[in-house]
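# Residue-level structural notes
Each chain, written out:
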Amino acid sequence: SSTVALKFASNWTGAVSSAWETPGNWSCGAVPDANTDIYVSAGKPNTPLLNSTRSVRSIHLQNGSSMTVANGQHLTVTGR
């Protein structure tokens, strides 16, 4: 039998605010988790601000984009 790998991805839209934890800021309508590849493009209305410790599978920042991790918080990239 063959193996199928499922990959979950979400794009930052920044449509609601800069809060990473707001589901409406993500293209999938849910806050990413350790199984999600995330993509942040330049030119969005708000740049992501991570206000809590989180994990994602990978993060891809397009040239000209940025994100901020609040003091005392961590973003773990699991790379699975």
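Here the structure is a predicted model, which is why all the values come from computation and not from measurement. (Residues numbered from 1 in each chain as written. Predicted model: local features only at pLDDT ≥ 70, side-chain atom pairs only at ≥ 80, totals over all residues. Heavy atoms only, no water.)

Moving on to the overall build of the chain. When helices and strands are counted, the chain shows zero helices and seven strands. For the chain, the α and β elements follow one another from N to C terminus as β-β-β-β-β-β-β. The C-alpha radius of gyration of the chain comes to 13 Å, within 12% of the 12 Å expected for a compact globule of 80 residues. With the C-alpha coordinates of the chain rotated into their principal frame, the extents come out at 45 × 25 × 25 Å. Classification of the 80 residues of the chain by burial places 26% in the buried group. Here the contacts in the chain between residues at least 6 apart in sequence split such that 36% fall between residues at least 24 apart. Of the roughly 4,800 Å² that the chain leaves accessible, carbon and sulfur atoms contribute 49%. (Helix = DSSP H or I, 4+ residues; strand = E, 2+ residues; numbered from the N terminus. Rg over C-alpha atoms; globule rule 2.2 N^0.38 Å. Buried < 20%, exposed > 50% of the residue type's maximum accessible area, 1.4 Å probe, protein only. Contact = heavy atoms within 4.5 Å. Areas by Shrake-Rupley, 256 points an atom, 1.4 Å probe, with all protein chains shown as cover.)

To continue, consider the sheet that holds strand 1 (residues 8-11). Strand order in this open sheet of three strands is 1-2-5, and the pairing throughout is parallel. Lying at the two open borders of the sheet, with one neighbouring strand each, are strand 1 and strand 5 (58-61). The average undirected angle you get between the axes of adjacent strands in this sheet is 15 degrees. Bridge count between strand 1 and strand 2 (residues 36-40): four bridges; the pairing is parallel. (Pairing = 2+ DSSP bridges. Axes fitted to C-alpha atoms, helices over the stretch in contact; angles between N-to-C directions.)

This part takes up the side chain of Ser 10. Mapped onto the elements of the fold, Ser 10 is located in strand 1. Contacts of Ser 10, omitting those with residues within four sequence positions, involve Trp 26, Ser 27, Cys 28, Thr 36, Asp 37, Ile 38 and Tyr 39.

All told, the structure shown has one salt bridge when counted by the stated rule. A salt bridge links Asp 37 to Arg 57, with the nearest nitrogen and oxygen atoms 3.1 Å apart. Highlighted residues: Asp 37 in strand 2 and Arg 57 in the loop between strand 4 (54-56) and strand 5, separated in sequence by 20 residues. For Asp 37, a relative accessible area of 9% gives the class buried. Residue classification places Arg 57 among the buried residues on the basis of a relative accessible area of 11%. (Salt bridge = Lys/Arg side-chain N within 4 Å of Asp/Glu carboxyl O.)

Now for the packing of aromatic side chains. Evaluated as defined, the whole model comprises two aromatic pairs. For the ring pair Trp 12 and Trp 26, a centre distance of 5.1 Å and an interplane angle of 80 degrees mean the geometry is edge-to-face. A residue pair is termed long-range when its members are at least 10 positions apart, and Trp 12 in the loop between strand 1 and strand 2 and Trp 26 in the loop between strand 1 and strand 2 qualify at 14 residues. Among the residues examined, Trp 12 registers a relative accessible area of 1% and is labelled buried. On the basis of relative accessible area, Trp 26 is assigned to the buried category, the value being 3%. Between the aromatic rings of Trp 20 and Trp 26, the centroid separation amounts to 4.9 Å while the plane-to-plane angle is 75 degrees, which identifies the pairing as edge-to-face. A network of ring pairs unites the aromatic residues Trp 12, Trp 20 and Trp 26 as a single cluster. (Phe/Tyr/Trp six-rings, centres within 6.5 Å; stacked < 30°, edge-to-face > 60°.)

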